Amino acid sequence: MAFRLRANLQFADPSWLPYANLNLSFVQRYPVFQDKLYVYFEAGGGIIMANRSISPDPVYGSGFGLFGVEFHPTTPLGFYFEMGGTGTNAQTKSGSSYSNGFILNTGMRFYF
């Protein structure tokens, strides 16, 4: 069991103006094969720091949940694939929502 603090820089389509997400989540991880393969579940909330050029409000709340698989070929290195969903009330000045829906992440983590 762990807590994870994550920050992301994202870009709003079609204008490609940047905005940021800051999330705090609870993570539960289970070993599948020795110390090489894990599955995990993550849920939490966060804030979206909106770009004032596209959004009427500077900050929005959000919530998310996901599950993932992580492979450790060596001890400090891990490759992961995760998917889930997120919900928020973030809206553009024209009233369309953004930063909602399906999450799909893949990447590499280093453990110190």
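Up top is the structure these notes are about.
Bear in mind that the values here come from a model prediction, so they are computed numbers and not experimental data.

The helix and strand inventory of the protein chain stands at 0 helices and 6 strands. Reading the protein chain from its N terminus to its C terminus gives the helix and strand order β-β-β-β-β-β. Referenced to the eigenvectors of the C-alpha coordinate spread, the extents of the protein chain come out at roughly 50 × 20 × 20 Å. For the protein chain, with 112 residues in total, the buried portion stands at 32%. Put simply, 47% of the contacts in the protein chain that link residues at least 6 apart link residues at least 24 apart.

Let's shift gears to the sheet that holds strand β6 (residues 101-110). A sheet is described by the order of its strands in space; here 6 strands give the open sequence β1-β2-β3-β4-β5-β6, paired in antiparallel fashion. Strands at the two margins of the open sheet, each flanked by one partner only, are β1 (2-12) and β6. Put simply, the sheet's adjacent strands are angled 25° from each other on average, direction ignored. Two strands pair when backbone bridges link them, and strand β3 (residues 37-49) and strand β4 (residues 59-74) are joined in this way by 13 bridges, in the antiparallel orientation. Of the residues in β4, the one forming a bridge with Ile47 is Gly61.

This next bit is on the pattern of salt bridges. The final tally for this structure, using the stated rule, is 5 salt bridges. Its salt-bridge partner being Arg6, residue Glu82 comes within 3.0 Å of it at the nearest N-O pair. In this pair, Glu82 sits in strand β5 (residues 77-88) while Arg6 sits in strand β1, placing the two residues 76 residues apart along the sequence. Arg6 carries the same exposure label as Glu82, and that label is buried. In this structure, the salt-bridge partner of Arg109 is Glu82, at a minimum N-O distance of 3.5 Å. In this pair, Arg109 sits in strand β6 while Glu82 sits in strand β5, placing the two residues 27 residues apart along the sequence. Given the relative accessible area of 14%, Arg109 is considered buried. One salt-bridge network, in which partners are shared between bridges, spans Arg4, Arg6, Glu42, Glu70, Glu82 and Arg109.

Quick look at the pairing of β1 now. Relative to strand β2 (residues 17-33), β1 is paired through 11 bridges, and the arrangement is antiparallel. Among the inter-strand pairings, Gln10 is bridged to a residue of β2, identified as Tyr19. With antiparallel pairing between neighbouring strands as the criterion, β1 and β2 make up a hairpin whose turn holds 4 residues, including Trp16 at a positive phi of roughly 60°.

Take the pairing of β2 next. Relative to β3, β2 is paired through 13 bridges, and the arrangement is antiparallel. Along β3, the bridge assignment pairs Ala20 with Met49. Counting the residues between successive antiparallel strands, the hairpin from β2 to β3 contains 3 residues, one of them, Gln34, with a positive phi of roughly 45°.

The rules behind these values
- Residues numbered from 1 in each chain as written.
- Predicted model: local features only at pLDDT ≥ 70, side-chain atom pairs only at ≥ 80, totals over all residues.
- Heavy atoms only, no water.
- Helix = DSSP H or I, 4+ residues; strand = E, 2+ residues; numbered from the N terminus.
- Buried < 20%, exposed > 50% of the residue type's maximum accessible area, 1.4 Å probe, protein only.
- Contact = heavy atoms within 4.5 Å.
- Pairing = 2+ DSSP bridges.
- Axes fitted to C-alpha atoms, helices over the stretch in contact; angles between N-to-C directions.
- Salt bridge = Lys/Arg side-chain N within 4 Å of Asp/Glu carboxyl O.

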